[in-house]
Amino acid sequence: MGDQDFLLGFDIGSSSVKVSLLNAATGKCVASANSPSVEMEITSTKSGWAEQHPEMWWEHAVKATRKVMETSDISADGIRGIGISYQMHGLVVIDKNLKVLRPSIIWCDSRAVEIGEDAAAQLGEQYCQEHLLNSPGNFTASKLRWVQLHEPELYSKIYKIMLPGDYLAMRMTGEVNTTVSGLSEGIMWDFEKKTLADRLFDFYNMDKNLIPTIVPTFGDQGKLSAEAASTLGLKAGIVIGYRAGDQPNNAFSLKTLHPGEIAATAGTSGVIYGIVDKPAADKYSRVNGFAHVNYTEEDQRLGILLCVNGTGILNSWLRKNVQISGEPISYDKLNHLAGSSPIGSDGLRVLPFGNGAERMLRNKDLGASFHNINLNRHGAAHMCRAVQEGIVFSLGYGFEILNEMGLQSTVIRAGKANMFLSETFCEAFTNVTGAAIELYNTDGSQGAARGAGVGVGLYSSLDSAFTNLECLKEYAPDKAKQEQYQEAYADWKTVLENQLT
């Protein structure tokens, strides 16, 4: 490996596509780009529905790649591998000509909740927890069953089903494949038998031949075709060496690989993701267990994921709808306003659950709501802080669930991005969870690039992939402030419990 070896990482989110180019030897990011500059559209033709067309992901992947190559002044000849991170749980369906048959039903779509709940009741708690580590819930398998029931003519044309990252890899290589980690996130993997979840497929009356060929998470997943290379502005033959869902990949990007380690994100959704070495499930199915990126049949590494759907999307909603002097507000200004309001937001409470059914709340869709508004006291600053505190309190509520499962840590790692750019958010997070927060100079696209380095053999081990990973800032609980945060958190939980009943 020399200083002219580079790695390209893609992160296909629901808001944008980010691409980063890393120098493999130094681990430094040479260039990165996002597309589009504003959030991608999520189509919701009915309440609880959320769709995006896969062609849109490809379009922005092309734009971001070309931007990176133009600004980096690096020859495509030096790129040794490509890694892909992607929004989890989405359903992409294609025909025999590899053409997409319908828009993707993405992660925050709630239409399959009842289908999954019925399957869980019929299959039984023991099977779901021991074999699937989850109830079938609103995951990819249940979304496919929805298509079978409600769009039977379209269903009959399906050749293969894919996750969003599988689709991007297909566009790059012309090959259709997936990973065990990806199958587990769709609740299509049997951890007990270490095979496809036959019993669930039989219950749903779905053909297992719809599942693509399984390839390793790290390794040769196909080579960039001449057509795709021409479109992207790259060189044909580059190996796609890594693929993982955004949350396992985020944990990987933060070197969160071993039992007891915990990572977090706070983008469109908010996630706390911890590693265990044996199957673990919550009896109420409020958290999700998946095969982590370093999972093997011999050495099990499982990720336990707690998700709050309504996180950055609520902050984004606030930015779009709050104006000062008639002008739209920036995220920096939102953060400044939040910091100017007192801890606890003077009693204003926000439930951030406005982005579909929340697994953490047993698949209830409460919607986002503001409580205790006093028209004589509360202003924009209180609202900005209350939104950030409401998101933190939701994540803290989930952290308690993980603690009940025995997954405890005194440190949570995160990338210095999205909500973690806010001092107020970070201060609230550490004082509510009681864990120190470490912020690193990485993100999902950089993690995907590092994963590609492992997959194509530039790095001899997972640990050796983290040259130049640096902790930029740390936050620790402050006893003087913690009591105030805990008091506000307790009051927030009372508001939540009232809504749940």
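Below, the structure is looked at part by part. Since the model is a prediction, treat every value here as computed from it, not as a measurement. (Residues numbered from 1 in each chain as written. Predicted model: local features only at pLDDT ≥ 70, side-chain atom pairs only at ≥ 80, totals over all residues. Heavy atoms only, no water.)

Quick notes on the overall build of the protein chain
Thinking step 1. A tally of regular secondary structure across the protein chain gives 16 helices and 24 strands.
Thinking step 2. On C-alpha atoms alone, the protein chain measures out to a radius of gyration of 22 Å, which is about the 23 Å that the 2.2 N^0.38 rule sets for 501 residues.
Thinking step 3. Contacts in the protein chain between residues far apart in sequence, at least 24 positions, make up 74% of those at least 6 positions apart.
Thinking step 4. Seen as two clouds, the 44 positive and the 57 negative side-chain charges of the protein chain have centres 2 Å apart. (Helix = DSSP H or I, 4+ residues; strand = E, 2+ residues; numbered from the N terminus. Rg over C-alpha atoms; globule rule 2.2 N^0.38 Å. Contact = heavy atoms within 4.5 Å. Lys, Arg positive; Asp, Glu negative; His and termini not counted. Charge placed at Lys NZ, Arg CZ, Asp CG, Glu CD.)

Topic: helix 2 (residues 113-123)
Thinking step 1. Of all the residues in helix 2, the buried ones are Val113, Ile115, Gly116, Ala119, Ala120 and Leu123. The arc that holds every buried residue of helix 2, seen down its axis, measures 165°, which confines them to one face. Of the exposed residues in helix 2, the ones pointing more than 90 degrees away from its buried face are Glu114, Ala121 and Gln122.
Thinking step 2. Buried residues along helix 2 sit against helix 3 (125-132), helix 4 (140-150) and helix 8 (198-204).
Thinking step 3. Two residues or fewer after helix 2 comes Gly124, characterised by a positive phi angle close to 95°. (Buried < 20%, exposed > 50% of the residue type's maximum accessible area, 1.4 Å probe, protein only. Arc of directions from axis to C-beta.)

Some remarks on helix 16 (residues 479-500)
Thinking step 1. With 22 residues, helix 16 ought to run about 32 Å at 1.5 Å a step, and its terminal C-alpha atoms sit 31 Å apart, in line with that.
Thinking step 2. Three or more residues of helix 16 are buried, namely Tyr485, Ala488, Tyr489, Trp492, Lys493, Val495 and Leu496. Down the axis of helix 16, the buried set is contained in an arc of 160°. They therefore lie on one face. Along helix 16, the residues that are exposed and aim more than 90 degrees away from the buried face are Lys479, Glu483, Glu487 and Asn498.
Thinking step 3. Buried residues belonging to helix 16 abut strand 20 (349-353), strand 21 (367-371), helix 13 (380-404) and helix 14 (423-433).
Thinking step 4. Sitting at the head of helix 16, Asp478 places a side-chain oxygen 2.9 Å from the backbone nitrogen of Ala480. (Expected span 1.5 Å × (residues − 1). Polar contact = N/O pair within 3.5 Å; in protein donor to acceptor, adjacent residues only side chain to side chain.)

Comments concerning unusual backbone geometry
Thinking step 1. For the bond running from Ser35 to Pro36, omega is -5°, close enough to zero to count as cis.
Thinking step 2. Among the structural elements, Pro36 can be located in the loop between strand 3 (29-35) and strand 4 (51-52).
Thinking step 3. The phi torsion at Lys194 lies on the positive side, around 60°, for a residue other than glycine.
Thinking step 4. Inspection of the secondary structure puts Lys194 in the loop between strand 10 (189-190) and strand 11 (195-196).
Thinking step 5. Unlike most non-glycine residues, Lys255 shows phi in positive territory, near 55°.

Quick notes on the sheet that holds strand 15 (residues 270-276)
Thinking step 1. Read from one edge to the other, the open sheet built from 7 strands follows the order 16-17-15-14-22-23-24, with strand pairing classed as mixed. The two strands at the open ends of the sheet, each matched to only one other strand, are strand 16 (288-291) and strand 24 (471-475). Geometrically, the sheet is characterised by an average inter-axis angle of 25° between neighbouring strands, direction not taken into account. (Pairing = 2+ DSSP bridges. Axes fitted to C-alpha atoms, helices over the stretch in contact; angles between N-to-C directions.)

Focus on the pairing of strand 23 (residues 436-440)
Thinking step 1. In terms of burial, strand 23 is a largely internal element, 4 of the 5 residues being buried.
Thinking step 2. Where strand 22 (residues 411-415) lies against strand 23, 5 bridges are found, and the strand directions are parallel. Directly across from Arg413, in strand 23, lies its bridge partner Glu438.
Thinking step 3. Crossover connection from strand 22 via helix 14 to parallel strand 23: handedness right-handed. (Right-handed = clockwise from strand over helix to strand, strands pointing away.)

Notes on the nonpolar core
Thinking step 1. Counting residues in hydrophobic clusters, the biggest one holds 121 residues, and the most contacted among them are Ile161, Leu200, Phe420, Phe425 and Phe429.
Thinking step 2. If you tally residues by element for this core, the top one is helix 13, at 12 residues.
Thinking step 3. Setting aside its immediate chain neighbours within four residues, Phe420 contacts Ala264, Thr265, Ala266, Ala414, Gly415, Phe425, Cys426, Phe429, Ile437 and Leu439.
Thinking step 4. Val19, Ala64, Ile82 and Tyr86 belong to the second largest nonpolar core, which has 46 residues in total. (Core = buried A, V, L, I, M, F, W, Y, C linked by side-chain atoms within 4.5 Å.)

Here we look at the side chain of Gln87
Thinking step 1. Tracing the backbone through its elements, the reader meets Gln87 in the loop between strand 5 (79-86) and strand 6 (92-94).
Thinking step 2. Owing to a relative accessible area of 1%, Gln87 belongs among the buried residues under this scheme.
Thinking step 3. Of the polar contacts made by the side chain of Gln87, one reaches the backbone oxygen of Gly13; its length is 3.2 Å.
Thinking step 4. The contact partners of Gln87, leaving out residues within four places of it in the chain, are Ile12, Gly13, Ser14, Gln52, Trp57, Ile106, Trp107, Pro164 and Asp246.

So, the sheet that holds strand 13 (residues 239-245)
Thinking step 1. Here 5 strands make up an open sheet; going across it, the order is 3-2-1-5-13 and the pairing mixed. The outermost strands of the open sheet, each flanked by one partner alone, are strand 3 and strand 13. Adjacent strand axes in the sheet meet at a mean angle of 15° when their direction is disregarded.
Thinking step 2. Pairing between strand 5 and strand 13: 6 bridges, direction parallel. Residue pairing in the sheet places Gly81 in a bridge with Val239 of strand 13.
Thinking step 3. Running at roughly 145° to strand 3, helix 1 (residues 54-72) makes contact with strand 1 (6-12), strand 2 (17-23), strand 3 and strand 5 of the sheet.
Thinking step 4. Sheet strands touched by helix 6 (residues 164-173): strand 1, strand 5 and strand 13. Its angle to strand 5, the strand with the most contacts, is close to 150°.

Some details on the packing of aromatic side chains
Thinking step 1. This model, assessed by the stated rule, comprises 18 aromatic pairs.
Thinking step 2. Seen in terms of ring centroids, Phe139 and Phe290 are 6.3 Å apart; in terms of plane orientation they differ by 85°. Their pairing is edge-to-face. Of this pair, Phe139 sits in the loop between helix 3 and helix 4 while Phe290 is found in strand 16, placing the two residues 151 residues apart along the sequence. Across the pair, exposure class does not vary: Phe139 and Phe290 are buried alike.
Thinking step 3. Plain terms: the ring middles of Phe218 and Tyr242 are 5.0 Å apart, the flat faces sit at 35° to each other, and that makes the pair tilted. Of this pair, Phe218 sits in the loop between strand 12 (213-214) and helix 9 (226-232) while Tyr242 is found in strand 13, placing the two residues 24 residues apart along the sequence.
Thinking step 4. A relative accessible area of 19% places Phe218 in the buried class.
Thinking step 5. Ring pairs connect the aromatic residues Phe353, Phe393, Tyr397, Tyr489 and Trp492, which therefore count as one cluster.
Thinking step 6. Here the guanidinium or amino end of Arg111 rests over the ring plane of Trp49, the centre of that ring lying 3.6 Å away.
Thinking step 7. The ring of Tyr127 has Arg199 sitting right over it, with the charged end atom 4.5 Å from the ring centre. (Phe/Tyr/Trp six-rings, centres within 6.5 Å; stacked < 30°, edge-to-face > 60°. Lys NZ or Arg CZ within 6 Å of the ring centre and 35° of its normal.)

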